[in-house]
Amino acid sequence: MTGEPKVRTVLGDVDPAQLGVTNSHDHLFFASKLLPGQELDDPAAAAHTLLEFKARGGDALVQWTPYGLTRRTRELAWMAEQIGVHVVAATGLHRAEHYAPVILGRVIDDLVQEFVADLTEGTQPADLPDEPRTGPRAGLIKVAGAFHTIDSHARLTMTAAAVAHEETGAPIAVHLELGTAGLQTAELLCDKLDVSPDKVILGHLNRNPDPPLQREIAETGVFLGFDGPSRANHATDWRLFDGLEALVEAGHGGQILLGGDTTTAAARDQPGASYLLTTLAPRLARQLGGDVVTAMLVANPARAFATSWRK
């Protein structure tokens, strides 16, 4: 790679030091056929969420919504400019179950080209494939594993993500289904596909609170995403604090990222993105120390989402 590392936001590339307090995994827009009637597709509601996040001290939000799930990148850019918050958008592909066949069929045979174009030229709505790429560029690649395994779809998308990373330098963020298959994902991306561990972010690790396994995953060197704590809709959420403490004590505090992961309209009625700053951060600071928590919100995401872009 050449050049100084930058974070690619919807308003352009910025110095990592400018990112500030970061919600490392959330969704202002998200719509899946698996969640009918629960779409996050209201620009006014999204703007209110981002404004509230800023009012609570937030500086940056990373949206993990990939291709075909209503990522609304143009609206992200408008809100980022008007509200004054850095926003990072995603390319990539979720699990196949999230897509209507017609949407999936448009890109599945040439994922690398789609990912690279989103990252380097600009984004476009999935339902308007012939429209010019006038949307802002994506700043990361989001793909997904299957439950306790890497199925054929996940292997296809992760392989395409690795090639797109090689061409562009973009970080790769991975949805782990219920927090599982993290070690297998790290082994595939880093050992077999030669992606540097510091360019891989594994999400939802809090949903599978297995301390020895989490430590083994951490030892691969990847970034560790703990997200969705405001919803309290997973039976494992109460284990979040002990899990983070164990990883910090083992020396992995510099790899931890925190996010809200709001994915449905019902979840938006709950504390959401601001919860990270109003409730979670103060509790963690009392348990782990303020400097440690500041690193999770500022220094760690600045490293995780920055890269020396090749294109």
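Residues numbered from 1 in each chain as written. Predicted model: local features only at pLDDT ≥ 70, side-chain atom pairs only at ≥ 80, totals over all residues. Heavy atoms only, no water.

A.B. asks: I'd love a proper account of the sheet that holds strand E3 (residues 22-26), names of residues and values included.
C.D. replies: Think of a sheet as strands paired side by side through backbone hydrogen bonds, with each pair either parallel or antiparallel. Here we have 3 strands laid out as an open sheet, ordered E3-E4-E5, and parallel in their pairing. The open sheet has two free edges, formed respectively by E3 and strand E5 (86-88), since each of these has just one partner strand. Between one strand axis and the next, the sheet turns by 15 degrees as a mean value, whatever way the strands run. (Pairing = 2+ DSSP bridges. Helix = DSSP H or I, 4+ residues; strand = E, 2+ residues; numbered from the N terminus. Axes fitted to C-alpha atoms, helices over the stretch in contact; angles between N-to-C directions.)

A.B. asks: Explain the pairing of E3 residue by residue, including any values.
C.D. replies: With 5 of 5 residues buried, E3 lies mostly within the body of the structure. When E3 meets strand E4 (residues 60-63), the two strands line up parallel, connected through 3 bridges. Its bridge partner being in E4, Asp26 is matched across the sheet by Gln63. The handedness of the E3 to E4 crossover, carried by helix H1 (residues 43-55), is right-handed. (Buried < 20%, exposed > 50% of the residue type's maximum accessible area, 1.4 Å probe, protein only. Right-handed = clockwise from strand over helix to strand, strands pointing away.)

A.B. asks: Kindly report on the environment of Trp309, identifying the contributing residues and their values.
C.D. replies: Topologically, Trp309 is positioned in the segment after strand E12 (306-307). One polar contact links the side chain of Trp309 to the main-chain carbonyl oxygen of Lys6, over a distance of 3.1 Å. (Polar contact = N/O pair within 3.5 Å; in protein donor to acceptor, adjacent residues only side chain to side chain.)

A.B. asks: Which residues make up the pattern of salt bridges, and what values go with them?
C.D. replies: Throughout the structure, instances matching the rule amount to 15 salt bridges. Here Arg95 ties to Glu177 by a salt bridge, and the two come within 3.1 Å at their closest N and O atoms. Residue Arg95 is found in the loop between strand E6 (90-92) and helix H3 (101-105), and its partner Glu177 is found in the loop between strand E8 (172-175) and helix H6 (182-192); the two are separated by 82 residues along the sequence. Pair check on accessibility: Arg95 and Glu177 agree, each one buried. (Salt bridge = Lys/Arg side-chain N within 4 Å of Asp/Glu carboxyl O.)

A.B. asks: Run through the sheet that holds E12, naming residues and quoting values.
C.D. replies: On the basis of which strands lie adjacent, the open sheet formed by 3 strands has the order E2-E1-E12 and antiparallel pairing. Where the open sheet ends on each side, the last strands, each with one partner, are strand E2 (12-14) and E12. Both strand E1 (residues 6-9) and E12 contribute to a ladder of 2 bridges, which runs antiparallel. Residue Val7 lies in a different strand from E12, and its bridge partner there is Ala306.

A.B. asks: Any chance you could break down the packing of H1 against helix H2 (residues 73-83) for me, citing the residues and the numbers?
C.D. replies: Axis angle and axis distance: for two packed helices, these are the angle between their axes and the distance between the axes, and together they describe the pair. The contact between H1 and H2 brings their axes to 10 Å, and the two run at 40 degrees. If you check the angle between H1 and H2, you find them oblique. For the pair H1 and H2, the sense of crossing is right-handed. Facing Pro43, Ala46, Ala47, Leu50, Leu51 and Lys54 of H1, the residues of H2 in contact are Glu75, Met79, Ala80 and Ile83. Across the contact of H1 with H2, the residue classes tally to 8 nonpolar, no polar and 2 charged. (Parallel < 35°, antiparallel > 145°, perpendicular 65-115°, else oblique. Left-handed = near helix turned anticlockwise from the far one by under 90°. Contact = heavy atoms within 4.5 Å. Nonpolar A, V, L, I, M, F, W, Y, C, P; charged D, E, K, R; others polar.)

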